[in-house]
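Chain by chain, the residues run as shown.
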Amino acid sequence: MVYSTEASVQTQSPAAVSAPSTVQERSEAKDVIRFWLFSSLEKKPSSPRVSLRTKQEDVPRQRSSPSPSRKQITPTSPPESPRGPGLSLSQLAATSRYPTISHSSSALPWQQSFPSLLHPSPLASAHQLSHVACSAVSTITHLEMDLQREGGKMTSKDEEGDHLQELPFTPIHAPVITLGVNVPSSCSVSSRSSLAHLFSAGFPEILDCSGQVAEVLDPTEPMPFDPQREEADLLQGNLLVFEFLAFTRIPGAGVESDWPRNIYVTFQFYRFPPVTSQQLKLLTSDKVRPKANEALPCVLATINKDGSVNTGSPGLQIQFRVDDDFLRPREKRWFLRHLALHTMHIDVWDSDSLLLIGSTAMELKYLLRQGKPAVQALHELEILTTDYVEEDTLLPDADQYLRSTSTAMMVYAIVRGRLHIRTGSIGCPADPSRKRAANGISSYSHIITPREVTTGFRGGSLSTRNILQLNARNTAREHRLDGELVLLNRNRIRARDIIPEAQSLNSDSRRRKLDCMAAVHRLEAKENTTAANVMGLNPATRLIREHQPSDEYSKAEGIASMLSQAITTQHLLYASLGSAEYMEFVLKNPFNVPQTVTIHSDDSELSVITDTEEWRYFKAITKTSTPLEENMFHMEEAAPGPRVYLRPKESVHIPLKYQSFLCNHTISVQGPSFLPTGKGSQMAKKTLSNIINAKIIKVTFRADDGKPMAICQVNVEPTPHVVDQTFRLYHPELCFLKKAIRLPPWQGSTAEDPNSCSDISVHCSDPNIVCQTRMLVPGEPQDVYLKVPGSPSPHIKMFFVMVFTDKWKAAPSQIWQVYVHFLERVDLSCVTGQRTCQSLVLRGKQAVRKIKCFLSHPKEIEVDPAGVFVLPPAAVQELQLRVQPWQAGSRFLYVNAVDMDQKRLVAAWLLCLRVHRPVLSKAFEVSVPAGNGRGSSRKITYTNPYTSTQTFLLRSDHPDLLQFREDKFQIGGGESYTIGLRFAPSQSSGSAEILVYVNNSEEKTEETFCVKVNYS
């Protein structure tokens, strides 16, 4: 390391000497000392701009210049680092030197292939380029420190140093492209013969209320939508039908032609609970002979719990009833908008191996009836999955490691099959009784007005006995009202709309019931006194203490409790994940003197809106015509909440907002399930799942003396939210998942105003997950970045991502449901055509299980034991994997261990293969005529290089194009054998390279031939 000091005083320029106005400036001198730290092993400065000779010439000039004078010259500056290129996200994603992370995320961001240090990329940033020449030196290229004397002291800014400026260059992950809300689904049309075969199975018809067949809509044609016509429909109820008819197999690499044999589907419609279907058997017909280039659909049949196939009507039908009993007030318009603009995500699974086959999305707009009694539509959806393969690498390459760090992952969309679904919407008349009850409900208001106190202390003694009886009566009344409130919540009747006369206790029968309940409470209090003293003060004990006569209970506490209940106003609130619920509480000063009221909420999710712009925004979207005041609240750091000034007998509106981003993340166990049987066997249960927690929040308004002036009790009732899109990601266990999801183009963004969506923000329902987004370049797409902590295999982590497009985050524009499957990672390095062995360990749990291992690519992986085996408790079972890949590059395969009795996943492995190309022994070229319907035969001579007799196996990476006369042959030492080749005919011209592997009995490659086939 070479250190050099430089005390520089600015030299005098001719302009400065001639100007008399600079005399005073010269008297203000500042001595600047610059320290230069050079990182070099050769003891040479790394800066090309500053030379040692220049520094030596500057020192005498600085010493000769008078200290009180100030010369105006350009100060010597250290070398400036070049700025990185300002690249857009699309340019970075298309750059081959920065590979993208895989959908399986097997390689972590710090394990991704970045450009080698010996071969710098033109996209490298400044700090990367500075360490190319010598990677062993320190990461500091130069250090500059300016010491400026101002009154003999250094500023704190100089002591701390300056902040590093972030360069515009940012490497990113491969974004997962969202389907958006306006992108058409992947729907195709089958041939007439396939449709005839499909409907010959005898699926049940979709009929309207009068027994007529529903009108058929064409999914390939545009669907007009008139919201006024939908709202004016006389049939207000809707019975929505999803009927899974058939599945068409599409042959793929590494799988058998009859895969899959059994499937099950998972999806979630609107805010109904997620649906996991039972096992569905793919039935094939022996009577129909399909053409060579056409795959007929396999009719689906449900499988019973005993494993037998249901011989009744084919297919699986699931129904959802949406009527006034299900929808909240004013929710129907949002439901119709959801059908018109959104798609439903469907996952298709292999019910035997519990492996994901693929996913698809179906448009819901064909469920809109537009005044018709019933409609139906047939959808043929492509089941897609993504495969990530790195470009080929040659095994004997000397720069293999260097080339592997600069190759890119290629993303391929693979069609695994086609799912045939028939959707239907049947109009149902509304229940007159429910309609009358709904008409009796007043319209929902965002204004909370405290009512006049109609009940309270009726006089008499405040003795302990009387207080106990009064509290018992109040408690019984609260329990009764709570029970009525639950029934009212089910009917969507708000507590504030209950008629006060209905709450009175004047009836003798009601008084007798209350007395009985009070006696029960007193009896329970006496019986549980001893247990309460032993177990401590839990909520039940505190309830007993309230009804138990004791000397500790004072009259002041009784009076305070009654007064608190008298000034408490209850408000019932329906809330969903991410949506802000706005309300205004009318606060009145009952005193004749002014008061400064402090507002305190016991839950952070319910807050006071103190920003005037935010208040104005929520009043506009809720159409609340109440006065708005500027600078209404006074904020202090030590205060428990904002403060507001009230004049005597004055009333003001306090804006409140409730918004929750946290919810329940419990998910069902992976595997098929059985729908409930009986009359409503196909009706989805209206159970609440994955929603926010129900809670009671109190907002206290305290006067100057600290006593409560009013209390607003908000009872939060959770409601399910809508899921717009679902993502499933696979990642190694106990590792951070870092992923980017590309945001769809929003309707608000235009070419004239690219910054119209600059207010896009995201929130995650799990506080342990990092979720953020930012716009790097205006006009370019935005990505949502996720950082998810790892979990052990085979755990599945589920969370929601809320995307907001407004500044104040009133309601999420989209809600994504993300599943992360954590698998045990196994890294393998192989050569194409050659077998590689790897051992896996499976540990037993508490019970005995029957286990079978399933593979994602049976043609490339074998497992031993291959069948069902018994895994005793706490036992260790070794699984032997034999991998023989046929495609070069980096790939990801999956192995699942499934409990055959329970159909549940026991263990899962993620195989990260790095497959190299073999060394070629010989190369051949052959011409095959195309279009004549006949193939061609050729011969290759092979000589046994060993002195003993050997057995050889013949393999090919394209068995559909090349077949051998004999797949196995045995020859003596030094003898020759003629390998017969048969090339399949081709209908089109072109060329293909086929690798021929000569393997020994252990599937180790002896020699590899390359045959280039020209079809002309």
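Predicted, not measured: the structure shown is a model, and the values here were computed from it.

Parameters at a glance
- Residues numbered from 1 in each chain as written.
- Predicted model: local features only at pLDDT ≥ 70, side-chain atom pairs only at ≥ 80, totals over all residues.
- Heavy atoms only, no water.
- Buried < 20%, exposed > 50% of the residue type's maximum accessible area, 1.4 Å probe, protein only.
- Helix = DSSP H or I, 4+ residues; strand = E, 2+ residues; numbered from the N terminus.
- Pairing = 2+ DSSP bridges.
- Core = buried A, V, L, I, M, F, W, Y, C linked by side-chain atoms within 4.5 Å.
- Arc of directions from axis to C-beta.
- Contact = heavy atoms within 4.5 Å.
- Polar contact = N/O pair within 3.5 Å; in protein donor to acceptor, adjacent residues only side chain to side chain.
- Phe/Tyr/Trp six-rings, centres within 6.5 Å; stacked < 30°, edge-to-face > 60°.
- Lys NZ or Arg CZ within 6 Å of the ring centre and 35° of its normal.
- Salt bridge = Lys/Arg side-chain N within 4 Å of Asp/Glu carboxyl O.
- Axes fitted to C-alpha atoms, helices over the stretch in contact; angles between N-to-C directions.
- pLDDT = per-residue confidence, 0-100.
- Patch = residues over 30% accessible without salt bridge, like charges linked within 9 Å, V, L, I, M, F, W, Y side chains within 5 Å.
- Areas by Shrake-Rupley, 256 points an atom, 1.4 Å probe, with all protein chains shown as cover.

Description of the pairing of strand β21 (residues 643-646)
Link 1 in the chain: Side chains of β21 alternate between two faces, with V644 and L646 buried and R643 and Y645 left unburied.
Link 2 in the chain: Examined bridge by bridge, strand β19 (residues 595-601) and β21 share 4 bridges and lie antiparallel to one another. Paired with Q595 across the two strands is L646, which belongs to β21.

Notes on the nonpolar core
Link 1 in the chain: Within the largest apolar cluster, 46 residues are counted, with the highest numbers of intra-cluster contacts made by L587, I654, Y658 and F701.
Link 2 in the chain: In terms of nonpolar packing, the next biggest core, distinct from the first, is built from 44 residues, F247, L336, M344 and L368 among them.

Quick look at helix α17 (residues 612-622)
Within an α-helix, residues lying three or four positions from one another point in the same direction, as the helix has 3.6 residues per turn.
Link 1 in the chain: Along α17, the positions that sit buried rather than exposed are T612, E614, W615, F618, K619 and T622. Take α17 and look down its axis: the buried residues cluster within an arc of 160 degrees, on one side only.
Link 2 in the chain: Where α17 is buried, its residues touch β18 (581-588) and β22 (651-658).
Link 3 in the chain: Between a side-chain oxygen at the N-terminus of α17 and the backbone nitrogen of E613 the separation is 2.9 Å; the capping residue is D611.
Link 4 in the chain: With its phi angle positive at about 55 degrees, K623 sits one or two positions after the end of α17.

Quick word on the packing of aromatic side chains
Link 1 in the chain: This model, assessed by the stated rule, comprises 24 aromatic pairs.
Link 2 in the chain: Measuring from ring centre to ring centre gives 5.9 Å for Y582 and F618, while their planes differ by 15 degrees; the resulting arrangement is stacked. Within this pair, whereas Y582 is found in strand β18, its partner F618 is found in helix α17, the two being separated by 36 residues in sequence. Across the pair, F618 and Y582 agree in class, each one buried.
Link 3 in the chain: Each member of the aromatic cluster is reached from another via a ring pair, and the members are F242, F244, F267, F269, Y270, F272, F320, F326 and F335.
Link 4 in the chain: The lysine or arginine in question, R728, covers the ring of Y819, its NZ or CZ lying 4.1 Å from the ring centre.
Link 5 in the chain: Over the aromatic face of F736 sits the side chain of K787, whose NZ or CZ is 5.0 Å from the ring centroid.

Overview of the pattern of salt bridges
Link 1 in the chain: The tally for this structure, following the rule as stated, stands at 23 salt bridges.
Link 2 in the chain: Note that R333 is salt-bridged to E231, the shortest N-O span being 3.0 Å. Of the two residues, R333 is situated in helix α9 (residues 332-341) and E231 in helix α8 (residues 227-231); the sequence distance between them amounts to 102 residues.
Link 3 in the chain: Its relative accessible area of 59% is what places R333 among the exposed residues.
Link 4 in the chain: With a shortest N-O distance of 3.6 Å, R643 and E636 are connected by a salt bridge.

A few points about the sheet that holds strand β39 (residues 922-928)
Link 1 in the chain: Taken together, 5 strands build an open sheet; the order of strands is β39-β46-β45-β41-β43 and the sheet is mixed. Unpaired on one side and paired on the other, β39 and β43 (968-971) mark the two borders of the sheet. Averaged over all pairs of adjacent strands, the angle between strand axes in this sheet comes to 25 degrees, irrespective of strand direction.
Link 2 in the chain: Pairing of strand β41 (residues 950-956) with strand β45 (residues 990-999), which is carried by 4 bridges, proceeds in the antiparallel orientation. By the bridge assignment for β45, L954 is matched with V998.

With respect to unusual backbone geometry
Link 1 in the chain: Note that the residue after S793, namely P794, is joined by a cis bond; omega there is -5 degrees.
Link 2 in the chain: For the bond from D864 to P865, the omega torsion is 5 degrees, close enough to zero to count as cis.
Link 3 in the chain: If you trace the backbone, P865 turns up in the loop between β34 (861-864) and β35 (869-871).
Link 4 in the chain: Positive phi, close to 55 degrees, is recorded for K809, a residue that is not glycine.

Some words on the environment of K787
Link 1 in the chain: The residue K787 is located in strand β29 (residues 783-788) in this model.
Link 2 in the chain: With a relative accessible area of 32%, K787 lands in the partly exposed category.
Link 3 in the chain: C-alpha separation for the pair K787 and F736, spaced 51 residues apart in sequence, amounts to 6.5 Å.
Link 4 in the chain: Discounting residues that sit within four places of it in the chain, K787 has contacts with F736, L737, K738, I769 and V770.

Details of the confidence of the model for the protein chain
Link 1 in the chain: Summary statistics for the protein chain give a mean pLDDT of 74 and a share of 65% for residues scoring 70 or more.
Link 2 in the chain: This model gives residues 169-173 a pLDDT under 50, and the stretch forms 21 contacts once residues within four places in sequence are excluded.
Link 3 in the chain: Considering only residues more than four positions removed or in separate chains, one finds that residues 395-406, a stretch of pLDDT under 50, has 23 contacts.

A word on the sheet that holds β22
Link 1 in the chain: Strand order in the open sheet made by the 4 strands is β16-β18-β22-β20, with mixed pairing throughout. Every interior strand has two partners, whereas the edge strands, β16 (447-448) and β20 (606-608), have only one.
Link 2 in the chain: Looking at chain direction, β20 and β22 are connected through 3 bridges and run antiparallel. The residue bridging L606 from the neighbouring strand is Y658, located in β22.
Link 3 in the chain: Together, β18 and β22 form the strand contacts of α17, whose direction differs from that of β18 by roughly 110 degrees.

Notes on the side chain of E581
Link 1 in the chain: Structurally, E581 is set in strand β18.
Link 2 in the chain: Those residues in contact with E581, other than ones at most four positions away along the chain, are L573, Y574, A575, L656, K657 and Y658.

So, a nonpolar patch on the surface
Link 1 in the chain: A grouping of M410, Y412 and I414 is seen on the molecular surface, where their side chains present a nonpolar patch of about 270 Å² in accessible area.
Link 2 in the chain: Looking at where Y412 falls in the secondary structure, it is placed in strand β15 (residues 409-428).
Link 3 in the chain: Judged by relative accessible area, Y412 falls into the partly exposed class, the value being 43%.

Digging into the side chain of E605
Link 1 in the chain: On the secondary structure map, E605 appears in the loop between β19 and β20.
Link 2 in the chain: Taking the relative accessible area as the measure of exposure, E605 reaches 16% and is therefore buried.
Link 3 in the chain: Polar contacts involving the side chain of E605 include one to the side chain of Y658, which spans 3.1 Å.
Link 4 in the chain: Separated by 2.9 Å, the side chains of E605 and K695 make a polar contact.
Link 5 in the chain: Those residues within four positions of E605 in sequence are excluded, and the remaining contacts are K657, Y658, Q659, S660 and K695.

What about the pairing of strand β46 (residues 1005-1015)?
Link 1 in the chain: Relative to β46, β39 is paired through 7 bridges, and the arrangement is parallel. Within the sheet, the bridge partner assigned to A923 lies in β46 and is C1010.
Link 2 in the chain: Here β45 pairs with β46 via 10 bridges, running antiparallel. Paired with V996 across the strands is F1009, a residue of β46.
Link 3 in the chain: Between β45 and β46, which pair antiparallel in sequence order, lie 5 residues; one of them, E1003, sits at a positive phi of approximately 65 degrees.

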